[in-house]
Amino acid sequence: MKLSREIRELESRLGYAFSNSELIASALTHRSRNTRSAKDNDRLEFLGDRVLGLVIAEALIQRDPDAAAGVLAPRYNALVGGPACAEVARDLGVGAAIKLGRSESMSGGRRKSPILADMLEAVLGAVYLDGGFAAARDLILRLWADRIRQVDEDARDAKSILQEYAQACGQALPEYSELSRAGPDHDVEFTMRVRLETGLSETASARTKRSAEMKAAKKLLDKIDWSENG
């Protein structure tokens, strides 16, 4: 199968040459393309997501053998979540190689984070099928190397982690509400509450609403039993 110039250039940036060119072509075909001659990447995305998760989980455990699950989980979420995958995809220039339907292309689909993240996961699934787990593992560790090294910094956004946790559990998004504010206008202290659909909640106070929300989210994350919720 003859590949486009954009896909060949992406292969070069990946540092991986496909034996089965149909796999990379399918991985980069968005469902909006909807042609009889091309398979879209839904199945490869499903597979790549699982391969990525396993490699990152293994890397985190090897990096910090004594870390508890509650410490590892926020790091894991920061590395495998949509924002991280979209960033890696942008760094690789995946958008230029995507095959989109006309309407999706005209609406800026090549720049959309959800599409980029899905495409990258599909590419990882394609590498796994083409070269095996070792090839996929080597690629992921190379692409995520800097992120793994700085994961503690990336994992500090407690609101994002809590949102991803709720979505992964099939819950509604966390709800934030203002309980009170105290002090003069130039020095107000806000008390905010965050609540999950399960009823689990926490409160915190700070000089800005966002800071109070972040603190409350972090406190709530510390209460979650990660061994039960994954």
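As shown above, the structure is provided for reference.
Residues numbered from 1 in each chain as written. Predicted model: local features only at pLDDT ≥ 70, side-chain atom pairs only at ≥ 80, totals over all residues. Heavy atoms only, no water.

## With respect to a nonpolar patch on the surface
Stage number 1. Taken together, Leu54, Tyr128, Leu129 and Phe133 make up a surface patch of nonpolar side chains, about 360 Å² in accessible area.
Stage number 2. By secondary structure assignment, the location of Leu129 is in helix α7 (residues 113-131).
Stage number 3. Leu129 sits in the partly exposed class, given a relative accessible area of 48%. (Patch = residues over 30% accessible without salt bridge, like charges linked within 9 Å, V, L, I, M, F, W, Y side chains within 5 Å. Areas by Shrake-Rupley, 256 points an atom, 1.4 Å probe, with all protein chains shown as cover. Salt bridge = Lys/Arg side-chain N within 4 Å of Asp/Glu carboxyl O. Helix = DSSP H or I, 4+ residues; strand = E, 2+ residues; numbered from the N terminus. Buried < 20%, exposed > 50% of the residue type's maximum accessible area, 1.4 Å probe, protein only.)

## A few points about helix α8 (residues 133-143)
Stage number 1. Looking only at α8, the buried set comprises Ala135, Ala136, Leu139, Ile140 and Leu143. The buried residues of α8 all sit within an arc of 125° when viewed along its axis, so they share a single face.
Stage number 2. Among the structural elements, α1 (5-14), α3 (42-63), α5 (82-92), α7 and α9 (145-149) are those in contact with the buried residues of α8. (Arc of directions from axis to C-beta. Contact = heavy atoms within 4.5 Å.)

## Structural notes on helix α4 (residues 69-80)
Stage number 1. In this model α4 runs 16 Å from its N-terminal to its C-terminal C-alpha over 12 residues, within 8% of the 16 Å that 1.5 Å per residue would give.
Stage number 2. Listed as buried for α4 are Leu72, Ala73, Pro74, Arg75, Asn77, Leu79 and Val80. (Expected span 1.5 Å × (residues − 1).)

## Considerations on the nonpolar core
Stage number 1. Ranked by size, the top nonpolar core spans 49 residues in total, and within it Ile56 and Trp144 carry the most contacts.
Stage number 2. For this core, the elements supplying multiple residues, two or more each, are α1, α2 (21-27), α3, α4, α5, α7 and α8.
Stage number 3. Take this core: its biggest share by element is 10 residues, from α7.
Stage number 4. By size, the runner-up hydrophobic cluster in this structure holds 13 residues, among which are Ala166, Ala217, Leu220 and Leu221. (Core = buried A, V, L, I, M, F, W, Y, C linked by side-chain atoms within 4.5 Å.)

## Remarks on the side chain of Glu121
Stage number 1. Tracing the chain through its elements places Glu121 in helix α7.
Stage number 2. For the buried Glu121, which has no salt bridge, the nearest side chain bearing the opposite charge is Arg50, at an N-O separation of 6.9 Å.
Stage number 3. Other than its neighbours up to four places away in sequence, Glu121 contacts Leu44, Glu45, Gly48, Asp49, Val80 and Cys85. (Lys, Arg positive; Asp, Glu negative; His and termini not counted.)

## Comments concerning the sheet that holds strand β3 (residues 201-206)
Stage number 1. Overall, antiparallel pairing links the 3 strands, which are arranged β1-β2-β3 in an open sheet. Strand pairing shows two members of the sheet lacking a second neighbour, β1 (175-182) and β3, which therefore form its edges. Across the sheet, the mean angle from the axis of one strand to that of its neighbour is 20°, orientation sign disregarded.
Stage number 2. Running over the sheet, helix α12 (residues 209-223) touches β1, β2 (189-195) and β3 and is turned about 145° from β3. (Pairing = 2+ DSSP bridges. Axes fitted to C-alpha atoms, helices over the stretch in contact; angles between N-to-C directions.)

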